[in-house]
Amino acid sequence: VKLFHVFIVFSFSCLLDVSSARTHVNYEIKGDVAVIRMNDPSVNTLSVQMQREMTEVMDEVWGNSAVQSVVLISSKPGSFIAGADLNMIQACTTAEEVTLLSQEGQKMFEKIEKSPKPIVAAINGSCLGGGLEFAIACQYRIATKSKKTVLGCPEVMLGLLPGAGGTQRLPKMLGLPSAFDMVLTGRSIRPDKAKKMGLVHQLVDTLGPGLKSPEERTIEYLEEVAVEAARGLAKKQIPLTKEKGLMQKIQDHVMSYPFVRQQIYNTVQKKVMKQTKGLYPAPLKIIECVKAGLEQGPTAGYLAESQNFGKLAMTPESKALIGLYHGQVTCKKNRFGTPEKEVKALAVLGAGLMGAGIAQVSVDKGIHTILKDTTLEGLSRGEQQVYKGLNDKTKKKSITTFERDSFLSNLTGQLDYNGFNKADMVIEAVFEDLSIKHKVLKEVEAVIPPHCIFATNTSALPIKDIAAVSKRPEKVIGMHYFSPVDKMQLLEIITTDKTSKDTTASAVAVGLKQGKVIIVVGDGPGFYTTRCLAPMLAEAVRVLQEGVDPKKLDSLTTGFGFPVGAATLADEVGIDVAAHVAEDLGKAFGSRFGGGNIEFLKSMVDKGFKGRKSGKGCYIYQPGLKRRDVNTEALEILESYKLTPNAAISSDSDIQYRLVSRFVNEAVLCLQEGILANPVEGDIGAVFGLGFPPCLGGPFRFVDSFGADKLVEKMRKFEEVFGNQFTPCQLLLDHAKDPSKKFHK
Amino acid sequence: KSKKTLAKPGVKNIVLVDGVRTPFLQSGTIYADLMPHDLARAALQGLLNRTGLPKDAVDYIVYGTVIQEVKTSNVAREAALGAGFSDKTPAHTVTMACISSNQAMTTAVGLIAAGQCDAVVAGGVEFMSDVPIRHSRRMRKTMLSLNKAKTLGARLSLLGSIRLAHLAPELPAVAEFSTAETMGHSADRLAAAFGVSRLEQDEFALRSHTLAKKAQDSGLLSDVISFKVPGKDIVSKDNGIRPSTMEQMAKLKPAFIKPHGTVTAANSSFLTDGASAVLIMSEEKALAMGYKPKAYLRDFVYVSQDPKDQLLLGPTYATPKVLEKSGLTLNDIDVFEFHEAFAGQIMANLKAMESDWFAQTYMGRKTKVGAPPMEKFNSWGGSLSLGHPFAATGCRLVTTVAHRLQKEGGQYGLVAACAAGGQGHAMVIEAYPQ
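A quick note: this is a predicted structure, and the numbers were derived from the prediction, not measured. (Residues numbered from 1 in each chain as written. Chains lettered and ligands numbered in written order. Predicted model: local features only at pLDDT ≥ 70, side-chain atom pairs only at ≥ 80, totals over all residues. Heavy atoms only, no water.)

A. Focus on the UniProt feature "domain: Thiolase N-terminal" (unreviewed entry) in chain B. As recorded in UniProt, the sites labelled "domain: Thiolase N-terminal" (unreviewed entry) are residues 14-284 of chain B. In residues 14-284 of chain B, helix accounts for 36% and strand for 15%; the two terminal C-alpha atoms are 9 Å from one another. (UniProt positions renumbered as here; feature names shortened; annotations may be inferred. Helix = DSSP H or I, 4+ residues; strand = E, 2+ residues; numbered from the N terminus.)

If you want it as structure tokens, here you go:
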């Protein structure tokens, strides 16, 4: 689910600007070196304007006999070129138009590549997508070691491919395996790795305080070093091709055999099919382009690249992924404004998986955090979890051991309420039981200062019920984190009628600081996420009762695009939690939430089959073993709850739609009832919190692209057999009736 | 002068009676076979000889060291016993990177000011010819477990667990622990941040060597004592002073940041062996014992800042602070002795001190303090040329200020130094009326 980071930048830049004065690119001649500076008024993207000005400037530079070499640099502190202009692509209505855009980019970079005067790309900040393709067309690359400097081809995460020569140049530059890894995963590469891979030639350190601000001086320094390198290249003092190492020579030799390359294509293709189930067209097209370039030559390669780029831009998958990207950007902003008081001191109650996870993502953002538990054993386990979480990062080298230590100094583990009088926010993550939550709330309110916010981390208990015993309900709010907290990006914030706007703003601010993607929803049983998941899991249990094997159930769900199968998901969530939630929500919503028999879940719990945490659930989990076997004892329990499937609605496809339609219908109902503020948050919550298929873009985009009428039709068929569990909600019916109604414009 | 004297009524005057040092030698040369306390002994004995101090008149000994020899972790005590001081004289060792002996001296000042002692010997020693190299952690763990293993079988199984990789030795870290960056690398970045060119650095380094050579030749380095190295000849001169030419220096490749860095072996201080010692007393006691002190040790400060980007900016922060404390201005100072870790570091500090923007943005000051005039600055050479045995440098700086004040006839001197960990120090020294 971690597909979406900040990548190709959406910019409304200057499509209308037709004046001849240059606003995006300028240059200066320093002796015999032309320094070209990119400075888009907003963010550097390869917009129409940028490309036009760049072409003009390049022509002038090439035509100037005093210039022997060129440095290409950005004047923006945080970015070289953040990517192509997404608007430019989205404005196209046909594949041919997009293909044409790609071909223009290819032509421009071909001229750069064949430049008679060496061009040095001086990279500071993000060099992504089209920006990277520009850089690799240059003869030499120098990058700063800044934390903001990342290189990558994130196009695949938007359902696209690098359409300006990336699929052609990278394999030649890095070798097939590294190039495939980069282009197919879209991963961002840090400077040191980029140097090792041969993606950049030279690294420049970031500078600290001097006679100018560190950012400004670092760019200046980069430029100085780049100008020297450009001179060296022009005078042939610096060779353009590096002497290849022995390993590289061996690799090149091996790769010169067509059957070896064929083997690699097959392996990569298989791996992609296994991971994507064929639901994502972009990776397959990328393989096609690379193959065309290497096996049939550049002409065929570049043609395949531009045509496939055009085709991909028109796919629903790409539109869904781009939609999620925009949604994620929206959910990374605080629409409630800046809170009156910044939360600097946090207290977390309960050092369980959730509590410790919340503490971990807080301390490493510099928030002083008290982690309180009731027992020494619980506290010790929780503190160890925080330590391990941070220590694992040192092993991956994303932080140093020193940073780990200094982050940990923000953590105070304790058993009492000492220091709560200075807390700005308390997040409780104690056991999901209303009476315990009430007890804790009262205890906490007795010790915290008046401004302190009380947030409750619950997955299903209505916040207003918890707030009922509060003396200050305007300070009570729900913060629903997802497990594991340090890995899952979503945070669902729940407000009651009484929650003040400032409390909400503060909770969102804390969540954003913790690095979360945030949706803010209304109060009610199960809020939004749990409420959507519950009917789907109820249906999954029924499917199991109908004799479908857990492995089969998993493959049906993953085959639809869910990253985790339904049976595995139940084990991950915990069978006991699922039973608990099913019972609570069943009481609140009645027969609509029925389906599978709750008694089956309870029998599982009685036997100790609580899912992964207990070692047994639908599957058997053994430490150190990746392979999982189906828990035959669970199947025995299932025997006594066996149902006879109705053949008319039990095909593989029917089962998939039974599961998905209940999820989607409940999501739409949440919007109808006002639990959700908008469809965007609904899509983001479902994808980032519950693993709704990213290729479908979330339940709302799914209804838009699949067709509300077709979905209603399917539901009606299931409704005949199962009754109101499949009755489409009014909003869905409205959309079915009027095809012009769409959740996303 | 803003002030006639820094003496304050009711405050004890503390004086530097004298200071000596062994010749500073490039590591791996004539001292190579010694141990750190041997050098320290030589400095202590030299001080006794120079001052004619009765050994039992010393109340306390404080010594600084950076890279510790594990066998003599309290090197102060071992050296004192070896140098023939009374075994009734307590001694302790301090460490604060390149300002360790400054810390030793100010500790002495504190002991005297607090009325605990009247005569304290302070000093510092560094011995880079031999540094502790350890077994790997895994190997150490195995070896320690071996001690506890009772049966032959247990021992054999432990021995069997040793892998070739465990035998790889662990060198003492040359990098900052908190940032994992070597000091030379940080100095190169600092020079770049302040726009210090390679040329400026080479020029400054050449200046240091030229001035040191001149001082050595004209006998100004009177703090150096002769030292008979067992098995070798008597050493009486620093051996790292080598004035070169700009052309020769320009040929060197950058030592840390490649290929575009500016810090080279020629414009950095080199690894050095050496020890220094000073005798610090209350003025009353010194006079009572018939000494003619060389200088008053007055106000001092310690500062610290970001160990990553401002690792070597200690003098910039410490100088205005100590001047403010003593009520002096930069113009009142007649003699400056700054520790030269790298030419780039000195030039960066001078530029920082000369910048209003830096003072306002990073130091919370209204205006710059100003850079010292070069004719008053390190005019007998510095760490770049004389050498830099980490913990011995501080005493050399203070003694040199006292000697220069006597020679040049000034009243106030200022010592400033940077140290690993992003720390710094400065002290104001006042000439003793002649």
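B. Layout of a nonpolar patch on the surface. Residues and elements named next belong to chain A. Nonpolar side chains collect at one region of the surface, where Leu-246, Met-247, Ile-250 and Val-254 lie side by side and expose about 410 Å² of accessible area between them. Counting through the fold element by element, Leu-246 comes out in helix α9 (residues 246-255). The exposed category is assigned to Leu-246, whose relative accessible area is 64%. (Patch = residues over 30% accessible without salt bridge, like charges linked within 9 Å, V, L, I, M, F, W, Y side chains within 5 Å. Areas by Shrake-Rupley, 256 points an atom, 1.4 Å probe, with all protein chains shown as cover. Salt bridge = Lys/Arg side-chain N within 4 Å of Asp/Glu carboxyl O. Buried < 20%, exposed > 50% of the residue type's maximum accessible area, 1.4 Å probe, protein only.)

C. The arrangement of the interface of chain A and chain B in detail. Taken together, the 18 residues of chain A in the interface contact 18 residues of chain B. Here chain A meets chain B over a buried area of about 1600 Å², counting both sides, of which 62% is carbon and sulfur. Among the residues chain A hides against chain B, the three largest losses belong to Pro209(A), Leu211(A) and Phe402(A). Together they make up 37% of the total. Counting across the chain A and chain B interface gives zero salt bridges. Between chain A and chain B we count four residue pairs in polar contact (both at pLDDT 80 or more) in total. If you list the elements that add at least two residues to the side of chain A that touches chain B, you get β9 (202-204) and α8 (214-234) of chain A. Among the elements that take part in the side of chain A that touches chain B, α8(A) stands out by supplying four residues, more than any other. (Contact = heavy atoms within 4.5 Å. Buried area = accessible area lost by both parts, 1.4 Å probe. Polar contact = N/O pair within 3.5 Å; in protein donor to acceptor, adjacent residues only side chain to side chain.)

D. Structural context of the sheet that holds strand β6 (residues 126-128) of chain A. All names here are of chain A. Reading across the sheet, the three strands line up as β4-β6-β8 and stay open at both edges, with parallel pairing between neighbours. With one partner strand each, in any of the chains shown, β4 (79-81) and β8 (150-152) form the two edges of the open sheet. Here the strands of the sheet are splayed against their neighbours by 15° on average, with no regard to which way each runs. Pairing between β6 and β8: three bridges, direction parallel. Bridging from a neighbouring strand, Ser-126 pairs with Val-150 of β8. Lying on the sheet, helix α4 (residues 130-137) is in contact with β4, β6 and β8; it crosses β6 at an angle near 85°. (Pairing = 2+ DSSP bridges. Axes fitted to C-alpha atoms, helices over the stretch in contact; angles between N-to-C directions.)

E. Expanded view of the UniProt feature "site: Important for hydroxyacyl-coenzyme A dehydrogenase activity" (unreviewed entry) in chain A. All names here are of chain A. As annotated by UniProt and renumbered to match this structure, "site: Important for hydroxyacyl-coenzyme A dehydrogenase activity" (unreviewed entry) occupies His-480. Tracing the backbone through its elements, the reader meets His-480 in strand β15 (residues 476-481). Looking at His-480, the relative accessible area reads 6%, which means it is buried. With residues up to four places along the chain from it excluded, the contact list for His-480 reads Asn-457, Thr-458, Ser-459, Leu-491, Glu-492, Ile-494, Phe-527, Thr-529 and Thr-530.

F. Structural context of the confidence of the model for chain A. Looking at chain A as a whole, the pLDDT averages 93, with 97% of positions reaching at least 70. Note that residues 1-19 of chain A has pLDDT below 50 and, in this model, 63 contacts with residues that lie over four places away or in other chains. (pLDDT = per-residue confidence, 0-100.)

G. Seen up close, the pairing of strand β10 (residues 345-349) of chain A. When you tally the buried positions in β10(A), you get four out of five residues, the bulk of the element. As a crossover connection, the stretch from β10(A) through helix α14 (residues 353-363) of chain A into strand β11 (residues 368-372) of chain A is right-handed. (Right-handed = clockwise from strand over helix to strand, strands pointing away.)

H. Representation of the pattern of salt bridges. All names here are of chain A. Tallied over the entire structure, the rule returns 65 salt bridges over all chains. With its nearest N and O atoms 2.6 Å apart, the salt bridge here joins Arg-592 to Glu-666. With a gap of 74 residues between them, Arg-592 in the loop between α23 (575-589) and α24 (598-606) and Glu-666 in helix α26 (residues 652-673) connect regions that are remote in the sequence. For Arg-592, a relative accessible area of 18% gives the class buried. According to the relative accessible area criterion, Glu-666 is buried, its value standing at 2%. Through salt bridges that share partners, Glu-539, Arg-542, Glu-546, Arg-658 and Arg-662 make up one connected network.

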